[in-house]
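Here is how the chains run, residue by residue.
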Amino acid sequence: MSDTKRYCQTCRLQLDKRGFSRHTLSVVHRKAKLLRAMLERNCITHAEIARRLGVTRERVRQLALQMGFPDGRSRHATCRMQRPKKEMAEFFVKAQERGFEVEPLGTKSAYINGKICVQRQACWHDLGKGKYKYTYLSIYRPAGRFDICAWKLPDGRFLILPRKLAGFRQTTFNPEESERPGTASSSHHYREHIEKWSLLGEPHGG
Ligand SMILES: [Zn+2]
C-alpha cells in the first residue's frame, strides 16, 4: 500500500482508500463546483450547504476543512462584518442631522436621549360620505414598548407624540388649519405636535 496522497484533479480533494472511480461517483465530486462556490460565500452556512447538497453538516465541515476554508464560526463572523448595515428610518436620520445621538434598536426604532423612539407612517383616511366627507390622516399606535412615536406624514413632516398622548389604538386628525369643525374622533390638538422635536430633549444630551 502506497503512502502517496492522491488528489482529484477536478475538485482538488484528497482521495481516500476507495480510489478514484468511487470518488467520481460521490456527491462531493459531482457538486464540487457548487460546494466551492457556496463555501466562498461567507453568508451561506454549513447547514444550508448541507441541505442543498444532501449531505450532513459534519460532512460539509470536513470538506470545508480539506478544501482550506475557514471554519463555520469564522465564515459567520466575516459574513456579519461584510453585511451592509440596515438603513435607519427617516426620522432617525433627521434626528441625527439635528444633532441627536441615535442608538438604533432596529430599522424603525432607536434610543434617543434614553427614550425608545419608533417611526410609523400616517396615511390618508376618508370619513363620512358625500358632502360630509372629510379626509383626515389616520394613525395607529405602535404595538410594543416606546416612549415617543413619530408618524411620518405624507408631506414629509413628522407628528411626534409621547406615549401618554398615544392612548388610542387608531385615531384620525387633520394636519392643516381648517374651518371645518372636524369630528369628535379627530383630535386637532395633535397639530401642535407636528415637528415637535423638543420632546426628544436637547441634542447631545445637554
Ligand atoms: Zn473530485
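The following refers to the structure shown. Only a predicted model underlies this, so the values are computations on that prediction, with no experimental measurement involved.

The rules behind these values
Residues numbered from 1 in each chain as written. Predicted model: local features only at pLDDT ≥ 70, side-chain atom pairs only at ≥ 80, totals over all residues. Heavy atoms only, no water. Helix = DSSP H or I, 4+ residues; strand = E, 2+ residues; numbered from the N terminus. Rg over C-alpha atoms; globule rule 2.2 N^0.38 Å. Buried < 20%, exposed > 50% of the residue type's maximum accessible area, 1.4 Å probe, protein only. Contact = heavy atoms within 4.5 Å. Areas by Shrake-Rupley, 256 points an atom, 1.4 Å probe, with all protein chains shown as cover. Lys, Arg positive; Asp, Glu negative; His and termini not counted. Charge placed at Lys NZ, Arg CZ, Asp CG, Glu CD. Pairing = 2+ DSSP bridges. Axes fitted to C-alpha atoms, helices over the stretch in contact; angles between N-to-C directions. Core = buried A, V, L, I, M, F, W, Y, C linked by side-chain atoms within 4.5 Å. Disulfide = S-S within 2.5 Å.

Some details on the overall build of the chain
Right, on to step 1. A count of helices and strands for the chain gives 7 helices and 8 strands.
Right, on to step 2. Radius of gyration (C-alpha) of the chain: 29 Å, far over the 17 Å computed for a compact globule of 206 residues.
Right, on to step 3. Seen through its C-alpha atoms, the chain measures out along the principal axes to roughly 100 × 50 × 25 Å.
Right, on to step 4. Every one of the 206 residues in the chain was classed for burial, and the buried ones make up 37%.
Right, on to step 5. When contacts within the chain are restricted to residue pairs at least 6 apart in sequence, long-range pairs at least 24 apart make up 48% of them.
Right, on to step 6. With an accessible surface of roughly 13700 Å², the chain has 49% of that area assigned to carbon and sulfur atoms.
Right, on to step 7. Of the side-chain charges in the chain, 40 are positive and 20 negative, and the distance between the mean point of each set is 12 Å.

Some words on the sheet that holds strand β5 (residues 134-140)
Right, on to step 1. In space, the 3 strands of this open sheet follow the order β4-β5-β8, with antiparallel pairing throughout. Strands at the two margins of the open sheet, each flanked by one partner only, are β4 (123-127) and β8 (170-173). Within the sheet, the average angular offset between the axes of one strand and its neighbour, ignoring direction, is 45 degrees.

Points about the nonpolar core
Within soluble globular proteins, side chains that are nonpolar generally end up buried alongside one another.
Right, on to step 1. Among the nonpolar cores identified, the biggest contains 19 residues, and Leu13, Leu35, Leu39, Ile49, Leu53, Leu63 and Met67 are the most heavily contacted of them.
Right, on to step 2. For this core, the secondary-structure elements that each account for two or more residues are α3 (32-40), α4 (46-53) and α5 (57-66).
Right, on to step 3. Contact partners of Leu63, with chain neighbours within four places excluded, come to Leu13, Val28 and Leu35.

Describing the state of the cysteines
Right, on to step 1. Taken as a whole and assessed by the stated rule, the structure comprises 1 disulfide.
Right, on to step 2. Shown here is the disulfide that connects Cys43 with Cys79, its sulfur atoms set 2.1 Å apart. As the torsion about the S-S bond is roughly 105 degrees, the Cys43-Cys79 disulfide counts as right-handed. Here Cys43 is found in the loop between α3 and α4, whereas its partner Cys79 is found in helix α6 (residues 72-82), with 36 residues between them in sequence.
Right, on to step 3. Given the relative accessible area of 46%, Cys43 is considered partly exposed.
Right, on to step 4. Free cysteine: Cys123, not disulfide-bonded; nearest cysteine sulfur from Cys149 at 12 Å.
Right, on to step 5. There is no disulfide at Cys149, and the cysteine sulfur nearest it, in Cys117, is 9.3 Å away.

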